[in-house]
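One-letter residues, chain by chain:
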Number of protein chains: 2
Amino acid sequence: MIKSRIEQLREIMDEKDIYAYIIPSSDFHQSEYVGEYFKVREYISGFTGSAGTVIITKNEAGLWTDGRYFLQAEAELDGSGIELFKCGMPNVLEIDEFLEKVMPENSTLAFDGRVISSLEGEKFAEKLKEKNIKILYNEDLIDNIWNERPPMSKEKAFLLDIKYAGEDFKSKLNRVRKSMEEKGATMHIISALDDIAWLFNIRGRDIKYNPVLISYAVVTLKDVYLFVDEEKLSANIKEELNKCNTIIKPYFDIYEFIKSIDRKDVILLDKSKTNFTIYNNIPSGVKKINGFNPCMLFKCIKNEVELDNIRKSHIKDGVAMTKFMYWLKNNVGKIPMDEVSVDDKLLKFRQEQEGFIEPSFNTIAGYKDHGAIIHYSATKESAYELNKEGLLLVDSGGQYYDGTTDITRVYVLGEIDEIQRTHFTAVTRGMINLSMAKFMYGCRGYNLDILARGPIWELGLDYRTGTGHGIGFVLNVHEAPNGFRWKVVPERNDSCILEAGMVTTNEPGIYIDGSHGIRIENELITVKGKETEYGQLMEFETVTLAPIDLDGINPNLMTKSEREYLNNYHKKVYDNISPFLNEEEKQWLEKYTRAI
Amino acid sequence: MIKSRIEQLREIMDEKDIYAYIIPSSDFHQSEYVGEYFKVREYISGFTGSAGTVIITKNEAGLWTDGRYFLQAEAELDGSGIELFKCGMPNVLEIDEFLEKVMPENSTLAFDGRVISSLEGEKFAEKLKEKNIKILYNEDLIDNIWNERPPMSKEKAFLLDIKYAGEDFKSKLNRVRKSMEEKGATMHIISALDDIAWLFNIRGRDIKYNPVLISYAVVTLKDVYLFVDEEKLSANIKEELNKCNTIIKPYFDIYEFIKSIDRKDVILLDKSKTNFTIYNNIPSGVKKINGFNPCMLFKCIKNEVELDNIRKSHIKDGVAMTKFMYWLKNNVGKIPMDEVSVDDKLLKFRQEQEGFIEPSFNTIAGYKDHGAIIHYSATKESAYELNKEGLLLVDSGGQYYDGTTDITRVYVLGEIDEIQRTHFTAVTRGMINLSMAKFMYGCRGYNLDILARGPIWELGLDYRTGTGHGIGFVLNVHEAPNGFRWKVVPERNDSCILEAGMVTTNEPGIYIDGSHGIRIENELITVKGKETEYGQLMEFETVTLAPIDLDGINPNLMTKSEREYLNNYHKKVYDNISPFLNEEEKQWLEKYTRAI
């Protein structure tokens, strides 16, 4: 099937004299997750991972993806004739190097410029300049062959009430305009869906897990435009938009609108978030300022109303997680359950909570050695049955009207060995040490990462990933620019100074291939501590509230202050969660939050 | 006196129609410490601090210095008519901003281009361009008025035997040339005195504390030149130099030599280390590559022979420090002693050690509140008498033929209060936590700094300085590019990846103005730990060997592993140092290295 799709594509390429065609995994907004309509790369290759780019040329077909997906890609590409290029491995060509190598002089490269960022597009153009290669970027060739392509989402948007958002559209718009003026910009093009959602206090249902609305925004010093399918907007949304005289235009009108920009305008945009077509539609001669969206820098600092809501959403999420843990630990081995069915069960507990919208990402429920696969996603076929032994890792989260959660717990289902207990304890210690940090204002994630990673490095192990990421408010579960990571990776943009009001996950882990995986994840709000003559001290407030399975802990491996932290944490869990439990659950929770 | 010197200077400036004259604290090599001949800024202002720049204009006189020296500068400038500009404080103009403000259009700025780096010089030129200000950089005006100016050093140089250096000149020269070739350079101008000393395996006595030889080196792919006062070179040095056909030229010939560079040459140099005159003497059109000296990048990684020598020098230094501590704690209150005399005593103990050359820097011996002055230097006038109470901070080090040491200990001379004990313990804990670090290869100082600083931040305190600096081998006590510091400060160049063989100090502290100062400093060699599938683990080997005064420690404030580390460290101190002590000292050391 894949082969015949590629054949059809090559026929069209031949007709248009296109030598190579690029199919990335993005939508028109450089989103991390995309709607069904945009799953073009999956359609043409069969590869279902969240990150990867396919290149089809006259003679070659390749998929580029990263270490998370090597095994999965190998399996899914089997028989497709598509070669796997393992990004970052020695002697593996990058996409632009590959194109430079295989494409003949004066040949044509094509892609849909709406799914390629202007940064990437320019990189290709630069690399292929010497070979005088022509670039066609208005070509969505897959659309011609994908007969049953799902339509673009028509889901209705909803207004995020001021009681949740804490700051109205007008105030946010003023802040954006002030920032534009400081930079000397007269127009700001916003492509990032979460930045748009934040600015307008609108949420959508266009992308699973990410409550965003497919749209563009253009802000001038006088006007504000929203390019969106107007049918998604309810009367009360329009009423709100009208308060700032928002001009609503059809979603696809953005491209012509851009062409009509006045030559005197100075455009602020983020090239890594703006697609190649929009960027190239800007009339030549118009001055462009490439920089972060002001919204991105504003929305990462949650206001007091958002923070209060986040705390509330975590109590609800904690109730669901606690009820789930009680159910799991009491029923495993008694009733049949597997990696998929426990996720269904957990979803039910979350659905019982007020204001729950949907999961905030695809749950990772990995039992035994599946727990060691960092981005494991259980299917009916792959799912292990759960028995009264070993460890089950569950990384999950919820979208609530009052917050987005992301939590990982590992459950001891029966006997575990001393190595597993040592690993469980080390991960918990790392999580605790970062949570306890007191630090001077100005610190970044890379200053603190070793607090979480140190106990794991001490064992000669590492979890290879960052320690944590920023998280949105009723928005994307991954949000820039805050995070914890010891090496600076500029394109990840997660090493900013930790400001009061930022929310970041804290999720060290240990993953032993073929054996077990452990990750314990709480969310931290950065808050101000004492102000001293040396500067402003900062610390973290933990908002996640669910027991850490004491069956996995060896208290002798912990310091006194780590045990005290854990005991205080568990007391806080009990105090906040127990009022929402029945008597049996409550007694059980008392035991599982006991001091050690 | 200062006023009349400034008057004389202004007369000469008038004659030459110079509006402003810059007098920095540097020598011709951008050295941190300078010889007596170069103390021009001290002569003209009376300010004796190690860092500061004076500007004399027709009507103004100003000194720019940093926070370390605000108090001292205020005192020393009193009555001089020179205004103090506190660098880095709000609303204080930088030097270039000041010049731009006060200098009339078309006027003339002058300085001795040999004591200004090409980076600085270009900054001034850039800033003053719009006012069309002329820059004269061949003017050492002070030389005309400083009648009793000390001559330039005539001290003899000495060869660092291969048994100390571990790598011969030829091998080092090959490495430098290979690095030049990789960068496409045909000529490399080396101005940094410690880089030259390392390359030629020569040491000098031209600058107190820093065993360097005033000289320039020029390396081409075929030839190597040393610009130096030939009288400083012994026959055996010349013999060694001759092995690589070194062409020896008079020191001041460098300036004309530079003018004669071939236009086809490509010059590698470090603009921050090369003076403005040399840089401007390079014929126009010659291609220049601004980059770190390869020697700087080589010499920071000590070879096995150097490391073995360093370990030996630290045993000797530890014996001196231990004998000093025994003498101090047993005699304080019984015989008269003050901050100056204890330094003399410590020097005697070091002088008894084999191969001792000189101190590696000006000892900081601060009693009680003097300990809180981070760069305190006791004089006969300022020195406190020592009594049987309070804390004495001693930061000192030695130059030995087999290594350079830098150590800080704080001695409890009698009663101290609980706050002081808590501070002493926190500083010790920070020092220990950094020493115990296990980390993945690739970490930089900013990843680890919090291990040392954390216990001090927890108390709401900070020591404001970096946690540690690289240290030379029989060279400067401050050496780039390794260090521990949580904020990256590019011009300090101390945030490189920590490589095996680097030696770095570990010196957290607590400084309470008007009360006490505590700093505990050991030196760490970065060494390889286990190699794992996750990468190369790294750790530290502590080379400093001297008791940490247990009278200052509250064991209850330490974790079990911190106490174990301290006990193991003290056992190592006893095992290595006791063979060199008399029976009484030995018994005393046993007590002061007991397990707690």
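Before any of the text, the structure's been laid out above.
The present account deals with the structure reproduced in this document. Once a new chain begins, its residue numbering starts again from 1 and follows that chain's sequence as written. Chain labels run from A onward and ligand labels from 1 onward, assigned in the order the entries are written. Local features in this predicted model are restricted to residues of pLDDT 70 or higher, and side-chain atom pairs are both shown and tallied only at a pLDDT of 80 or more, whereas totals for entire chains, interfaces and linings draw on every residue. Each side-chain value is derived from all of the structure's non-hydrogen atoms; neither hydrogens nor water enter the calculation.

**Brief notes about the overall build of chain A**
We apply this condition: Per the convention used, a helix needs a DSSP run of H or I reaching at least four residues, while a strand needs a run of E reaching at least two, with both numbered from the N terminus. Restricting the calculation to C-alpha atoms gives the radius of gyration, and the globule rule supplies 2.2 Å times the number of residues raised to the power 0.38. Only protein chains enter the area calculation, which uses a 1.4 Å probe; residues under 20% of their type maximum are buried, those over 50% are exposed, and those in between are partly exposed. In this description, contact between two residues means that some pair of their heavy atoms is separated by no more than 4.5 Å. The protein chains shown are the only cover counted for residues, whose accessible areas, like all others here, come from Shrake-Rupley with a 1.4 Å probe. The charged-residue count follows a simple rule in which Lys and Arg add positive charge and Asp and Glu add negative charge, with His and chain termini not counted at all. By convention, charge coordinates are those of NZ in Lys, CZ in Arg, CG in Asp, or CD in Glu.
Within chain A one finds 19 helices and 28 strands. Computed over its C-alpha atoms, the radius of gyration of chain A comes to 25 Å, within 12% of the 25 Å expected for a compact globule of 596 residues. With respect to the three principal axes, the spread of C-alpha positions in chain A is 70 × 55 × 45 Å. The buried share among the 596 residues of chain A stands at 60%. Long-range pairs, those at least 24 residues apart, make up 69% of the contacts in chain A with a sequence separation of at least 6. For chain A, the exposed surface amounts to about 24000 Å²; the carbon and sulfur share of it is 48%. In chain A, 75 positive and 94 negative side-chain charges are present, and the distance between their average locations comes to 3 Å.

**A few points about the nonpolar core**
Just so we agree on the cut-off: Buried residues of nine kinds, namely Ala, Val, Leu, Ile, Met, Phe, Trp, Tyr and Cys, make up a nonpolar core once their side-chain atoms join them within 4.5 Å.
Counting residues in each nonpolar core, the largest one holds 149 residues, and the members touching the most others are Leu328(A), Phe439(A), Leu448(A), Leu328(B), Phe439(B) and Leu448(B). Apart from residues no more than four positions distant in its own chain, Phe439(A) is found in contact with Leu448(A), Leu498(A), Thr526(A), Gln536(A), Leu537(A), Met538(A), Glu539(A), Phe540(A), Ile450(B) and Trp457(B). Ile116(A), Met180(A), Tyr225(A) and Leu226(A) belong to the second-largest nonpolar core, a separate cluster that totals 76 residues.

**Some details on the packing of aromatic side chains**
As a reminder, the rule being used: Any Phe, Tyr or Trp ring, taking Trp's six-membered ring, that has another such ring centre within 6.5 Å forms a pair; planes under 30 degrees apart are called stacked, those over 60 apart edge-to-face, and the others tilted. Two thresholds decide whether a charge sits over a ring: the Lys NZ or Arg CZ must be within 6 Å of the ring centre and within 35 degrees of the ring normal.
One pass over the structure, following the stated rule, counts 61 aromatic pairs over all chains. Aromatic side chains Tyr43(B) and Trp146(B) sit 4.6 Å apart centroid to centroid with 20 degrees between the ring planes, which places their arrangement in the stacked category. Of this pair, Tyr43(B) sits in helix H2 (residues 40–45) while Trp146(B) sits in the loop between helix H6 (142–145) and strand E7 (158–159), and the two are 103 residues apart along the sequence. Site record: aromatic cluster; members linked through ring pairs are Phe28(A), Tyr37(A), Phe38(A), Tyr216(A), Tyr251(A), Phe252(A) and Tyr255(A). When the ring centre of Phe298(A) is taken as origin, the NZ or CZ atom of Arg175(A), which lies over that ring, is 4.5 Å away. Its end group placed over the ring of Tyr279(B), Lys288(B) keeps NZ or CZ at 4.6 Å from the ring centre.

**Here's the deal with the pattern of salt bridges**
Selection rule: We define a salt bridge as a side-chain nitrogen of Lys or Arg found within 4 Å of a carboxyl oxygen belonging to Asp or Glu.
In the structure shown here, the tally under the stated rule is 84 salt bridges over all chains. Between Asp14(A) and Lys58(A) there is a salt bridge, with its nearest N and O atoms 2.9 Å apart. Note that Asp14(A) is positioned in helix H1 (residues 2–15) and Lys58(A) in the loop between strand E2 (53–57) and strand E3 (61–65), a separation of 44 residues in sequence. The closest approach of N and O atoms between Glu7(B) and Arg10(B), which form a salt bridge, is 3.5 Å. In this pair, Glu7(B) and Arg10(B) both sit in helix H1 (residues 2–15), 3 residues apart, roughly one turn of the helix. Given a relative accessible area of 41%, Glu7(B) falls into the partly exposed group. Within this structure, Asp112(A), Arg114(A), Asp140(A), Asp143(A) and Arg149(A) form a network of salt bridges that share partners.

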